[in-house]
There are 2 protein chains.
Amino acid sequence: MRLTEEAARERLASVPVVHLATTDEDGRPHLVVTTFAVEGDHVYTAVDAKPKRTRDLKRLRNIRANPRVAVLADHYEDDWSRLWWVRADATAEILQDPAAMARPVALLSERYRQYRAAPPEGPVIALSVERWTGWAYQP
Amino acid sequence: MRLTEEAARERLASVPVVHLATTDEDGRPHLVVTTFAVEGDHVYTAVDAKPKRTRDLKRLRNIRANPRVAVLADHYEDDWSRLWWVRADATAEILQDPAAMARPVALLSERYRQYRAAPPEGPVIALSVERWTGWAYQP
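Residues numbered from 1 in each chain as written. Chains lettered and ligands numbered in written order. Predicted model: local features only at pLDDT ≥ 70, side-chain atom pairs only at ≥ 80, totals over all residues.

## Description of unusual backbone geometry
1) Next: Residue Pro 123 of chain A is reached from Gly 122 of chain A by a cis peptide bond, and omega for that bond is 5°.
2) Next: Tracing the backbone shows Pro 123 of chain A in the loop between helix H4 (113-117) and strand S7 (124-136). (Helix = DSSP H or I, 4+ residues; strand = E, 2+ residues; numbered from the N terminus.)

Printed below as a string of structure tokens:
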């Protein structure tokens, strides 16, 4: 069954991590799993301090070339009658100004205790969701 | 830490579902969660009988327009020292011939009891992985 937009947004907010797909300038998709926070039709994720080779991440380079992205939240279990997923089609913006990052970082810190100890330094990726789509095997 | 190609392939095979990103003809990414099977450098997924509005799925239309895809397997838990992810960059091919679908469907049926009762009718999406990339917080 299809989920209403409201149900889709609620379910997305219930998972610990989402998947974020971007596309590079050659049309190749790229895919990461990421912590996030949601507020209204905005989804926020931030570059954090987990070990990385670089802060010039592929996701940021892709978004600069093409801001159209997709985010997926989903639930799997062996009993397939419990499956569901929610997809948010969105336009992404990269925030680096501390004032602009403050609210997203506060929302992320509410959700993850690790960020309360060490807030993500950013940049923040701010997604404006244009379309919420969702499906559940059963209501 | 980076994972070796062999470790990346093993970890991908250990999860129940992966995420598949495709790109449409306008360069917009699309994202689904899907059952799968892996054999060597091939990852297979199939259109199955879970409730859908259509079998002419967006993922199939995207692959026909642009066969470059990405697959992600990952593990999350509240203890971030246990996080890991694996990404496979691949080229996708759509299989509809019953003879070509037989081996992928057999591999999928080994992994999921639901497919033993009702094998997916297809089409099958066959991915040839060109690059395995993986990361784990710790070994």
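The discussion continues.
## Observations regarding the confidence of the model for chain A
1) Next: Scored by pLDDT, chain A comes out at a mean of 94, with 96% of its residues at no less than 70.
2) Next: Here the predicted complex scores 0.95 on pTM and 0.94 on ipTM. (pLDDT = per-residue confidence, 0-100.)

## A short note on the sheet that holds strand S4 (residues 42-46) of chain B
All names here are of chain B.
1) Next: Ordered by their spatial adjacency, seven strands build an open sheet running S2-S1-S5-S6-S7-S4-S3, and the pairing between neighbours is antiparallel. Only two strands of the sheet have a single partner each, and these edge strands are strand S2 (29-34) and strand S3 (37-39). Pairs of neighbouring strands in the sheet enclose a mean axial angle of 30°, with direction left out of account.
2) Next: Contacts from helix H2 (residues 58-65) reach strand S1 (18-23), S2, strand S5 (68-75), strand S6 (84-95) and strand S7 (124-136) within the one sheet, and its direction differs from that of S1 by about 50°.
3) Next: Its contacts with the sheet put helix H3 (residues 98-111) on S3, S4, S6 and S7, and the angle it makes with S4 is roughly 85°. (Pairing = 2+ DSSP bridges. Axes fitted to C-alpha atoms, helices over the stretch in contact; angles between N-to-C directions. Contact = placed C-beta atoms within 7 Å.)

## With respect to the pairing of strand S4 (residues 42-46) of chain A
1) Next: When you tally the buried positions in S4 of chain A, you get four out of five residues, the bulk of the element.
2) Next: In sequence, strand S3 (residues 37-39) of chain A turns back onto S4 of chain A through a hairpin of two residues, with Gly 40 of chain A there showing a positive phi of about 60°. (Buried ≥ 20, exposed ≤ 12 C-beta atoms within 10 Å, placed from the backbone.)

## What about the nonpolar core?
1) Next: Formed by 76 residues in total, the largest nonpolar core has its most connected members in Val 71 of chain A together with Val 71 of chain B.
2) Next: Contacts of Val 71 of chain B, omitting those with residues within four sequence positions, involve Val 18, His 19, Leu 20, Val 43, Arg 87, Ala 88, Ala 90 and Leu 127 of chain B. (Core = buried A, V, L, I, M, F, W, Y, C linked by C-beta atoms within 7 Å.)

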